[in-house]
Amino acid sequence: MASKKMIKSLNEQLNKELFSSYLYLSMSAYFEEDNLNGMAAWMRFQSQEEYAHAMKFYDFIHKIGGRVKLAQIDTPKDKWENPLAAFKEAYEHEKFISKSIHEIVDLAMEEKDHAARSFLNWFVDEQVEEEENANLIVEKFKMIGDNKTALYMLDKELGARNS
Ligand code: OFO
């Protein structure tokens, strides 16, 4: 049986995943406004992934006999200085989420909670990918600078995302 502290941490992570979903949906709306439809689609896809992450926590909490407690979701920002700033923030946010996941892994190890540790493994691996993906896009933005044609191409490339 998981500890109360563990159930609380898992519920807090569920809220963070829902906020991630909200944040990326807000970024998607920002890109829509600027007619960067490929970036909007990429962020919308990411938002759906985050919702799926949240539901993994939701299901796991129930599976181990805990109770899901939904808390208020913070209002995300709705404006960024430019597209690069939005993706930079996405990268920073993923680093924050990785740190948060690692803290729950530490707790699972402290409490010798092998079930939680095993469940969280998937997220540890997923975060490596999430950080890499966001960082790669930030680096591409830096490479293209003010080149509008390259921005158009990058928008097209990001719009092709299907996983
Ligand atoms: Fe973007 O990551 Fe969820 O966990």
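Source: prediction; values computed, not measured.

## Quick word on helix α5 (residues 148-159)
Then, in step 1: Under the 1.5 Å per step criterion, the end-to-end length of α5 is 16 Å for twelve residues, consistent within 8% with the ideal 16 Å.
Then, in step 2: Burial in α5 covers these residues: L151, L154, D155 and L158. The buried residues of α5 occupy an angular sector of 105° when projected down its axis, which confines them to one face. Exposed side of α5, more than 90 degrees from the buried face: T149, Y152, M153 and K156 are the residues found there.
Then, in step 3: On its buried side, α5 packs onto α2 (37-63), α3 (83-110) and α4 (114-144).
Then, in step 4: If you check the start of α5, you find a side-chain oxygen 3.0 Å away from the backbone N of T149, and it comes from N147.

## As for the pattern of salt bridges
Then, in step 1: Counting across every chain of the model gives eight salt bridges.
Then, in step 2: Of the charged contacts in the structure, one is a salt bridge between E89 and K77, with a shortest N-O distance of 2.8 Å. Here E89, found in helix α3, pairs with K77, found in the loop between α2 and α3; they are twelve residues apart in sequence, far enough to count as distant.
Then, in step 3: You can call E89 partly exposed: its relative accessible area is 23%.
Then, in step 4: The shortest N-O distance in the salt bridge between E92 and K95 comes to 3.3 Å. With E92 and K95 both in helix α3 and three residues apart, the pair spans about one turn of that helix.
Then, in step 5: According to the relative accessible area criterion, E92 is partly exposed, its value standing at 44%.

## Overview of the environment of K8
Then, in step 1: Among the structural elements, K8 can be located in helix α1 (residues 4-33).
Then, in step 2: As a C-alpha pair, K8 and F141 span 133 residues in sequence and 38 Å in three-dimensional space.

## Some thoughts on the packing of α2 against α4
Then, in step 1: Running from amino to carboxyl end, α2 crosses α4 at an angle of 170°, the nearest separation of the two axes being 12 Å. By the angle between their directions, the pair α2 and α4 is classed as roughly antiparallel. Each of M39, W42, Q46, E49, E50, H53, K56, F57 and F60 in α2 lies in contact with α4, whose residues at this interface are A115, A116, F119, L120, W122, F123, E126, E130, I137 and F141.
Then, in step 2: Looking at side-chain class alone, the contact of α2 with α4 contains twelve nonpolar, two polar and five charged residues.

## Side note on the environment of E89
Then, in step 1: For E89 and H53, which are 36 residues apart along the polypeptide, the C-alpha to C-alpha distance reads 19 Å.
Then, in step 2: With sequence-adjacent residues up to four places away left out, E89 is seen in contact with L23, M27, K77 and W80.
Then, in step 3: Separated by 2.8 Å, the side chains of E89 and K77 make a polar contact.

## Details of the environment of V105
Then, in step 1: Position of V105 among the secondary structure elements: in helix α3.
Then, in step 2: A relative accessible area of 7% means that V105 is categorised as buried.
Then, in step 3: Taking C-alpha positions, V105 is 9.5 Å from F119, a pair spaced 14 residues apart along the chain.
Then, in step 4: Sequence-distant contacts of V105, that is, excluding residues within four places in its chain, are made with R117, L120 and V124.

Quick notes on the rules
Residues numbered from 1 in each chain as written. Predicted model: local features only at pLDDT ≥ 70, side-chain atom pairs only at ≥ 80, totals over all residues. Heavy atoms only, no water. Helix = DSSP H or I, 4+ residues; strand = E, 2+ residues; numbered from the N terminus. Expected span 1.5 Å × (residues − 1). Buried < 20%, exposed > 50% of the residue type's maximum accessible area, 1.4 Å probe, protein only. Arc of directions from axis to C-beta. Contact = heavy atoms within 4.5 Å. Polar contact = N/O pair within 3.5 Å; in protein donor to acceptor, adjacent residues only side chain to side chain. Salt bridge = Lys/Arg side-chain N within 4 Å of Asp/Glu carboxyl O. Axes fitted to C-alpha atoms, helices over the stretch in contact; angles between N-to-C directions. Parallel < 35°, antiparallel > 145°, perpendicular 65-115°, else oblique. Nonpolar A, V, L, I, M, F, W, Y, C, P; charged D, E, K, R; others polar.

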